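Survey of secondary and tertiary structure
Chain residues, written in single-letter form:
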Protein chains: 2
Amino acid sequence: MFAKRGKIDKLVYQIYPKFFRKTYMEELIGNVLVAQSGGPTAVINASLAGVIDEALNHDCIEEIYGGLNGIEGILNEQIIDLASESQQTVRGLRYTPGSALGTCRYKLKSEQDYAKLLEVFKKYNVRFFFYIGGNDSQDTTNKIAKYAEDKGYALRAIGIPKTVDNDLPMTDHCPGYGSVVKYLCATIRQLALDHESMGNHDLVSIVEVMGRDAGWIAAGTSIAKRRGELQDPPHIILLPEVAFNAEYFIAQVQECLKKNKYCLVVASEGLSDANGNYVAAGENVQDSFGHSKLGGVGEYLEDLVSKSLAGVKARSSKIGHVQRAGAICASQTDSNEAYMCGQVAVRAAVEGNSGKMVALVRGDTDKYSCETVLTDLDQVANGVKHFPEAWIGEDKISINYQFNKYILPLMQGEVQVPYENGMPAFVRLAKVKAEPQA
Amino acid sequence: MFAKRGKIDKLVYQIYPKFFRKTYMEELIGNVLVAQSGGPTAVINASLAGVIDEALNHDCIEEIYGGLNGIEGILNEQIIDLASESQQTVRGLRYTPGSALGTCRYKLKSEQDYAKLLEVFKKYNVRFFFYIGGNDSQDTTNKIAKYAEDKGYALRAIGIPKTVDNDLPMTDHCPGYGSVVKYLCATIRQLALDHESMGNHDLVSIVEVMGRDAGWIAAGTSIAKRRGELQDPPHIILLPEVAFNAEYFIAQVQECLKKNKYCLVVASEGLSDANGNYVAAGENVQDSFGHSKLGGVGEYLEDLVSKSLAGVKARSSKIGHVQRAGAICASQTDSNEAYMCGQVAVRAAVEGNSGKMVALVRGDTDKYSCETVLTDLDQVANGVKHFPEAWIGEDKISINYQFNKYILPLMQGEVQVPYENGMPAFVRLAKVKAEPQA
């Protein structure tokens, strides 16, 4: 907030806040452009709603534009007028999964890309840019902020965090995470009752969940275990942070089957061996950021169990992308925080910030509270926050109680989704094309 | 109801119903034994609650026993006292998935099995037997009824329908079906929004759903398509009733990708080729009824698409057993009907029926209504009701509008599941062991 002249600004702000705001903060007048990037979450649209609602409060903001399909669509001038969307629709974004604006996994490649982008920003007089996304997207936001500054184009670019993976550094947790954990915990509790029913034969059930580099999602499901009932599932949790050892795994499965008659395993898609190779990398397919296509950990472990343990039934399920779109079981806390991040981003930009990401900070008190701070995008971009070793159980296949205090508050409350004709009724944007201003 | 002497009984009943009831219907005094069999559903416990609640209303019923793990557990005298369960728990059965009593896939094999069973029935003075299950279980109920009759043991055995597959003959639909369809439709609508977001590359998403012999479940998801929006998913539905043709399938996928940029395919696990062989039969594993272990249709189709269409991303998800345990998105109508089937079964037995199954009949009026009738187990046992050909679209990959009227009423209303600590709080039976009476 006091980037330009540091301490003097701060002094001015403390003595004459009104003068400060007039002089520095509202000096920039122009349009908002908001876009979404990377994999969607159940609450990414709540952040979008937060941006739209807050943008309407500021006189320095004239138009509210949405960029379709992230940076890739913006390069192609796929820009819509968000202010013309109905209030009902904007309200509906708070319970609609997916990325309402569309998303991309595009990496800005060349000087040309940046130049084209700036051209589009100028054409639409974009002065406030908000990018809702994960690690890669925050890197993009950072680069755009720097490029604009280099070229002397007044732009305030703020990143809004989003990722089910919860692996963004510099933030206590990430909007999207509480909901994916809530959805998977409900899934596992339901699955557990189904498996318990089939009590008369040994069953190993493997649930493959998302998480390429960090095991936050898999670890999150540990909370589905009912308190004090140690034999409740999930019985075995496999994190990317722990090198997979097939023999040890099979031994643990056998141990569990002795006690429980069935064994529910939660496995991260990014499970890796001691050499750091993915246990189940797909064919040699990579996305534009160089990440391998993953999948098949569930089937891999199912095979392994079948071959290693005679007479044991093995089953796997691959929840797939619906886990990050599970709005019918999304966390109200998560949704509220996602909305708040959108609001705060707009206020931060209006107040003169750029090159920052909104981060969440947890209060120190026993009762959960959550506030926001701005963090430098330099410190966020491309970093990965792994699941803390201190929270992994000694047996390496369980999560210890210290994690409970972290995860529980994030999944409280249920987002209410309206049903129509027996099915969830989500909203879609009207997507009215915006007209360039220049 | 008038099995013994036919027309004379009926006449007696019409003239002196009170006398009739006293003489014939309540002549049998003894205990109830209820058990569950086969794969669980989201509402199978609602039927159990219906049996327990109704049994308390009849003086001729002394004890209410539950058999654990179906017929297999009963053979081992795993019998619990259901009357001692708390009201809270019995109430909770109406939103708890899985089979609260446990289930089995055991087929009564020998004369010895039957003899042992009858011995247990005698020991616990079981005079009213209720078996909640699908095709195989109804066959078992039928055989038990006949065996008891042969041996001159007064027993009234009634089948209560249950199966997510909806393939039981002689009933308009089956408790469990409305809920699995509702859960999958919510899943697909959420998945659709996720896929729509990723708009800038061709994506084929395959969702593998249950359904070994009949495509009711896969077909049910067709209702997730929003009305009048033909390009809404699911775009391609693959039923076991339609022989799979890889070339035709790939052509349809290409057609769809031209229009939609993504193609959502719902595939039944029991998808078969023109020779009737499963497209994705697992290793040569069979269950005790001789059914093949299935799985992998999703992965199979994912491979097929990847190999056939260059540059197209293919993904699959295998929802697995949670689809039949999806209580957080279960149909209230389905749950109510499941409960009613339990109640009606008890009344039918008290009134003197045996060797029957409770079946659901739909009213003729435009407004949906549902009543019950009793149908002979002989006509139900081991039959399979396929998805009607008349409801399959001409292209063989869609379901036509005639099906809408059938499916929509079955998925109306949402079962309310209580949440505790951010997670669904289901109940478990206390399972107090019953004492034999003899």
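Along each chain, residue indices are assigned from 1 in the same order as the chain's sequence is written. All chains are assigned letters beginning at A, and all ligands numbers beginning at 1, according to the order in which they are written. With pLDDT at 70 or above as the cut-off, local features in this predicted model cover only qualifying residues; side-chain atom pairs require 80 or more to be listed or tallied, and sums for whole chains, interfaces and linings still use all residues. Values shown for side chains rest on all heavy atoms present in the structure; no hydrogens or waters enter the calculation.

Any two residues whose heavy atoms approach within 4.5 Å at even a single point are treated as in contact. Chain A puts 62 residues into the contact, and the matching count from chain B is 62 residues. A 1.4 Å probe defines the accessible area here, and the buried area is the portion of it lost by two parts on being joined, summed over both. A per-residue breakdown of the area chain A buries against chain B is headed by Q190, M423 and R428 of chain A, which together make up 14% of the total. Of the charged contacts, one joins K318 of chain A and E299 of chain B as a salt bridge, the two residues approaching to 3.8 Å between their closest N and O atoms. Secondary structure elements follow DSSP: runs of H or I of four or more residues count as helices, runs of E of two or more count as strands, with numbering from the N terminus. For the side of chain A that touches chain B, the secondary-structure elements that each account for two or more residues are α8 (177-197), α11 (297-308), β11 (313-318) and β15 (423-424) of chain A. By residue number, the principal contributor to the side of chain A that touches chain B is α8 of chain A, which donates 13 residues. Here a salt bridge means any side-chain nitrogen of Lys or Arg lying within 4 Å of a carboxyl oxygen belonging to Asp or Glu.

What follows deals with the confidence of the model for chain A. Residues and elements named next belong to chain A. Known as pLDDT, the predictor's per-residue confidence is scaled from 0 to 100. Mean pLDDT for chain A: 90, with 90% of residues reaching 70 or above. For the stretch residues 283-288, pLDDT sits under 50, and the model shows twelve contacts to residues farther than four places along the chain or on other chains. We note a pTM of 0.91 for the whole complex and an ipTM of 0.91 for its interfaces.

All names here are of chain B. For K385, the location among the structural elements is in the loop between α13 (377-380) and α14 (402-407). Along the primary structure K385 and S331 are separated by 54 residues, whereas in three dimensions their C-alpha atoms are 22 Å apart. If we skip the residues at most four places from it in the chain, K385 touches N166, D167, L168, P169, T171, D172, H173, A214, W216 and Y406. The term polar contact refers here to a pair of N or O atoms within 3.5 Å; inside protein, the definition further demands a hydrogen-donor-capable atom paired with an acceptor-capable atom, and it admits residues adjacent in sequence only when both atoms are side-chain atoms. Here D172 takes part through its backbone oxygen, which lies 3.2 Å from a polar atom of the side chain of K385.

This part is about the packing of helix α6 (residues 111-123) of chain B against helix α7 (residues 135-150) of chain B. All names here are of chain B. As a rule, the C-alpha atoms of each element are fitted with a line to give its axis, helices using only the stretch in contact, and angles between N-to-C directions run from 0 to 180 degrees. Running from N to C, α6 and α7 point in directions that differ by 75 degrees, and their axes come no closer than 11 Å. Put simply, α6 runs roughly perpendicular to α7. Where α6 abuts α7, its residues E111, Y114, A115, L117, L118 and F121 lie against K143, I144, Y147 and A148. For this classification, Asp, Glu, Lys and Arg are treated as charged, while Ala, Val, Leu, Ile, Met, Phe, Trp, Tyr, Cys and Pro are nonpolar and the rest, including Gly, are polar. Of the residues contributing to the contact of α6 with α7, the split by class is eight nonpolar, no polar and two charged. By definition in this entry, angles of less than 35 degrees are roughly parallel, angles greater than 145 are roughly antiparallel, angles of 65 to 115 are roughly perpendicular, and the rest are oblique.

Look at any regular strand and the pattern is simple: side chains alternate between the two faces of the sheet. All names here are of chain B. Criterion used throughout: strands pair if DSSP finds at least two bridges between them. Sheet topology note: the strand β5 (residues 156-161)/strand β12 (residues 356-362) ladder contains two bridges and is parallel. The residue of β12 that forms the bridge with G159 is M357. Across seven bridges, β12 lies against strand β13 (residues 370-376) in antiparallel orientation. Among the inter-strand pairings, A359 is bridged to a residue of β13, identified as V373.

After a rotation of 180 degrees and a shift along the axis of 0.0 Å, chain A superposes on chain B with an RMSD of 0.1 Å. Taken together, the rotation angle and the small translation identify this as a two-fold axis. Taken as a fraction of all interface residues of chain A, those also at the interface in chain B reach 98%, which identifies the copy contact as same-surface. Least squares is the method used to superpose the copies, on C-alpha atoms of residues holding a pLDDT of at least 70 in both.

Moving on, we come to the sheet that holds strand β3 (residues 79-81) of chain A. Strand pairing in a sheet relies on backbone hydrogen bonds, with the paired strands running either antiparallel or parallel. Residues and elements named next belong to chain A. A sheet is described by the order of its strands in space; here seven strands give the open sequence β3-β2-β1-β4-β5-β12-β13, paired in mixed fashion. Across the chains shown, the open sheet's two edge strands, defined by having one partner strand only, are β3 and β13 (370-376). Each neighbouring strand pair of the sheet contributes to a mean axis angle of 30 degrees, computed without reference to strand direction. Inspection of the sheet shows strand β1 (residues 30-36) paired to strand β2 (residues 61-67) by five bridges, in the parallel sense. Across the sheet, residue A35 finds its bridge partner in β2, namely G67.

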